[in-house]
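For reference, the chains in residue letters:
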Amino acid sequence: MSLSYFFDILGPMLEGMRMTLLLFALAIVTSIPLGFAFTFMARSRVKPVAWFANAYIYVMRGTPLLLQMLFICFGLPVIPGIGEYLVMDRFAAACLAFTLNYAAYFAEIFRGGLLAIDKGQYEAAKVLGLNRWQTTSRIILPQMVRIALPAVSNESITLVKDTALLYAVAVPELLHFAQTAVNRDFTIMPFVLAGIIYLLLTLVLTLLFKALERKFKFE
């Protein structure tokens with residue numbers, strides 16, 4: 001692969017990487033708070049709320065992300081009566097699918113973090129006179145975040161790789177430009193370059209989460 005060819009394909013692939021990073025950022029920013037919400041909804045004492053949250057988590061974790069994305073993008077618009085109001089841009093549909101899907105996974109991760117906290121922590125907070133909100137915000141959540149951080153890191157890295165599913169709904173992301181170059185030039189080098197870019201992205205994420213883990217470990 002000549003240097004000139006490298007730069008010829010690098011430009012479009014970096015443009016595709018911009019779309020990849022945009023989807024990743026939007027999905028992380030929206031799915032983590034939503035995951036928190038579903039964690040506490042699933043633990044609610046109001047039975048219908050808990051049932052709804054648990055059913056949601058089961059469905060979203062039990063069906064493929066690609067199916068959910070295709071359903072939102074192509075299935076919702078054909079629902080009789082209301083389909084015309086559910087048409088959305090393909091990138092927006094993909095963002096919604098990623099948010100809903102990953103919120104379910106983050107909800108389970110946070111639930112695991114809560115279950116790992118000794119029940120004595122709650123009893124000690126009660127003895128100290130802390131109310132439920134103070135106990136949750138000052139004692140439980142910091143410990144839950146520290147416990148859940150490695151799993152959140154792993155799920156975030158998976159999210160970076162899953163952004164390649166945008167290819168299925170014809171959104172021009174990194175893999176789209178790599179496939180275009182391969183079909184045009186009959187060489188596998190664009191796939192190699194795409195793999196290197198994905199590895200660099202996941203390396204940055206890994207280093208970031210390692211730094212966060214060290215920070216929470218010593219606080």
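Residues numbered from 1 in each chain as written. Predicted model: local features only at pLDDT ≥ 70, side-chain atom pairs only at ≥ 80, totals over all residues. Heavy atoms only, no water.

A short note on the packing of aromatic side chains
How we decide: Pairing of aromatic rings covers Phe, Tyr and Trp, the last counted by its six-membered ring, and requires centre-to-centre distances within 6.5 Å; plane angles under 30 degrees mean stacked, over 60 mean edge-to-face, and any other angle means tilted. For helices the rule is a DSSP run of H or I covering at least 4 residues; for strands it is a run of E covering at least 2, with both sets numbered from the N terminus onward. Only protein chains enter the accessibility calculation, which uses a 1.4 Å probe; a residue whose area is less than 20% of its type maximum is buried, one above 50% is exposed, and one in between is partly exposed.
Evaluation of the coordinates by the stated rule reveals seven aromatic pairs. Here Phe 38 and Phe 52 contribute two aromatic rings whose centre-to-centre distance is 6.2 Å and whose plane-to-plane angle is 35°, an arrangement assigned as tilted. With Phe 38 in helix H1 (residues 3–42) and Phe 52 in helix H2 (residues 47–62), the pair connects residues that are 14 residues apart, well separated along the chain. Taking the centre distance of 4.2 Å and the plane angle of 5° together, the rings of Phe 38 and Tyr 56 count as stacked. Remark: Tyr 56 occurs in helix H2 and Phe 38 occurs in helix H1; sequence separation between them is 18 residues. For Phe 38, a relative accessible area of 7% puts it in the buried group. Looking at Tyr 56, the relative accessible area reads 13%, which means it is buried. Cluster of aromatic residues (ring-pair linked, three or more members): Phe 36, Phe 98, Tyr 102, Tyr 105, Phe 106 and Phe 110.

Remarks on the UniProt feature "transmembrane region" (unreviewed entry) in the protein
The condition is simple: UniProt positions are given in the numbering used here, feature names are shortened, and annotations may be inferred rather than shown by experiment.
Per the UniProt entry, the sites bearing "transmembrane region" (unreviewed entry) are residues 20–43, 55–79, 91–110 and 188–209 in this numbering. Spanning residues 188–209, this segment combines 95% helix with 0% strand, and its end C-alpha atoms are found 32 Å apart.

Considering the packing of H1 against helix H7 (residues 174–185)
The description of two packed helices rests on the angle between their axes and on the distance between the axes. Rules: Only the stretch in contact is used when a helix axis is fitted, and all axes are lines through C-alpha atoms; the angle between N-to-C directions ranges over 0 to 180 degrees. The scheme is simple: roughly parallel for angles under 35 degrees, roughly antiparallel for over 145, roughly perpendicular for 65 to 115, oblique for anything else. The contact rule is simple, with two residues in contact once any of their heavy atoms fall within 4.5 Å. Amino acid classes used here: Ala, Val, Leu, Ile, Met, Phe, Trp, Tyr, Cys and Pro are nonpolar; Asp, Glu, Lys and Arg are charged; the rest, including Gly, are polar.
Look at H1 against H7: their axes get within 7 Å of each other, and the N-to-C directions meet at 150°. Judged by the angle between their axes, H1 and H7 are roughly antiparallel. Contacts between H1 and H7 pair Tyr 5, Ile 9, Pro 12, Met 13, Glu 15, Gly 16, Met 17 and Thr 20 from the former with Leu 174, Phe 177, Ala 178, Ala 181, Arg 184 and Asp 185 from the latter. Here the residues of the contact of H1 with H7 sort into nine nonpolar, two polar and three charged.

Quick notes on the environment of Leu 96
Here Leu 96 shows up in helix H4 (residues 90–115). Here Leu 96 falls in the partly exposed class, since its relative accessible area comes to 32%.

Quick notes on the confidence of the model for the protein
What counts, and what does not: Scored from 0 to 100, pLDDT records how confident the predictor is in each individual residue.
The share of residues in the protein with pLDDT of 70 or more is 98%, and the mean pLDDT across the chain is 88. Put simply, helix H5 (residues 120–127) is where the protein has its lowest mean pLDDT, 74, and H2 is where it has its highest, 95.

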